[in-house]
Structure formats: structure tokens, C-alpha cells
Amino acid sequence: MSQEPRPGEVLIGAERLQQRVGELAETISDDYKGREVLVVGVLKGAVVFIADLIRRMTVPCEMDFMAVASYGSATHSSGVVRILKDLDTPLEGRDVLLVEDIVDSGLTLSYLVKNLRSRGPASLEVCALLVKPGHRRAGVDIRYAGFELPDVFVVGYGLDIGERYRNLPEIAALEPAPVRQP
Ligand code: 5GP
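A brief structural summary. (Residues numbered from 1 in each chain as written. Predicted model: local features only at pLDDT ≥ 70, side-chain atom pairs only at ≥ 80, totals over all residues. Heavy atoms only, no water.)

The next subject is unusual backbone geometry. The peptide bond linking L43 to K44 adopts the cis configuration, its omega dihedral lying at -5 degrees. Within the secondary structure, K44 is located in the loop between β2 (37–43) and α2 (47–56). With an omega dihedral of -5 degrees, the bond running from E175 to P176 counts as a cis peptide bond. When you line up the elements, P176 lands in the segment after β9 (171–175). Look at Y157: it is not a glycine, yet its phi comes out positive at around 50 degrees. As for its position among the elements, Y157 is in the loop between β8 (154–155) and β9. (Helix = DSSP H or I, 4+ residues; strand = E, 2+ residues; numbered from the N terminus.)

F49, L53 and L130 are the most contacted members of the largest nonpolar core, which totals 28 residues. Listing elements by their share of this core, those giving two or more residues are α1 (14–31), β2, α2, β5 (95–103), β6 (123–131) and β7 (144–148). For this core, the element with the most residues is α1, which contributes five residues. Apart from residues lying up to four places away in sequence, L130 is in contact with I12, D101, I102, V103, F147, L149, V154, L159 and I171. (Core = buried A, V, L, I, M, F, W, Y, C linked by side-chain atoms within 4.5 Å. Buried < 20%, exposed > 50% of the residue type's maximum accessible area, 1.4 Å probe, protein only. Contact = heavy atoms within 4.5 Å.)

Let's shift gears to the pattern of salt bridges. Applying the stated criterion to the full structure yields 14 salt bridges. Among the ionic pairs, R20 bridges to E23, the shortest N-O distance being 2.8 Å. Of this pair, R20 and E23 both sit in helix α1, three residues apart, which is roughly one turn of the helix. A salt bridge links K44 to E163; the nearest nitrogen and oxygen atoms lie 3.1 Å apart. Of this pair, K44 sits in the loop between β2 and α2 while E163 sits in the loop between β8 and β9, and the two are 119 residues apart along the sequence. Bridged by salt links that share partners, the residues K44, D160, E163 and R166 form one connected network. (Salt bridge = Lys/Arg side-chain N within 4 Å of Asp/Glu carboxyl O.)

Here's what the structure looks like:
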């Protein structure tokens, strides 16, 4: 009988998360001083992070969201991405900060960066709360990274498995770990 996976070991506690989000917001605010940032988020995982991040930022910012479907299994993306909901805002001439919850293989991010860059922003940088080791293969530059994670599947703070556990205030490893597709 298979056991339903649940949040297990807490890898990053709620206080540590808030502390790091504050540090990222401070660095971003310093870097964008005198400019207005357009924060672009990817639904739904990045919502919790973005909500905390922008409330700690001291530069003016707007936000917009896109929804994408990544072909592949629930735990393994293929890098083939379909846009389900596009941005409402034109990016031309804007200082865009793409905010991601987690970067695993980096394939989704690599697609998004290429897509957004083709829309002519004045600048485009990436902020990711969690980064797994595999992303280096995709070669995308992550200007602002919150935490390096080992190669484990995590939930909480916006991240789900089957739409559950997004509301946990911390990042926890899913146990038992989901089986990886080759
Ligand atoms: P990538 O294209 O970088 O391999 O995958 C990125 C997407 O896969 C993330 O935006 C997220 O939706 C999903 N993902 C990757 N690792 C995890 C994880 O540990 N937990 C959860 N909940 N989703 C993950």
C-alpha cells in the first residue's frame, strides 16, 4: 500500500525565511534606487514569496502575473512551456524583475527569460527564493537567490503537491520523496 506523501523535515523555518526575504528586498531596493520595478510573478507558487517581498521593498513597484503549464510530470519539468495566462502589462522600456519560487532544472526559467527578453524591457533580472543544484546546466543567471537547496522535493510557502500545503509558513521536505521520472 502506498503512503500519501506529507510535509516532513523542516528545511527552512518561517523566521529564517522572513529574515532572508527582508535581506533580498533590501538588496533589490538598493539596486533599483530611483527606478520603478515591474515585478513579474509566475502563478501560483511565487505568490506567497512575492507578497512578502514587495512589502519589504522600498522602491516603487508594480506587479503582474503569468500562468504557465510546464509539460512533464508533477515533479519533473520538461522545459516545454505553454502560457496559460499572459501578462497584462507591456514590458517595453520597463525594469522587469522576474520572481520565481523555485528553480530546479532551470528549464522553465530559461524559457521565461527568453520570452520576456523578446518583449524589449529596459532591463530584466531574476529573483528566485529557492535554487536547486541542477539549474546550472540551463545557464540562466539568477541575480537574487534566496537559498540553495539540495535535490529534494519541497512544499510550503507557496509550493504545493497536488495544490496542497501552499499555506505552510515554512519550507519542508515531502516525505516520502516522490519518485523521479528518468
Ligand atoms: P524547472 O523547470 O526549473 O525544472 O522546474 C521549475 C518548476 O518545477 C517550479 O516552478 C515548480 O513549479 C516545480 N518544482 C521544482 N522543484 C519543486 C519542488 O521541490 N517542490 C515543488 N512544489 N515544486 C517544484
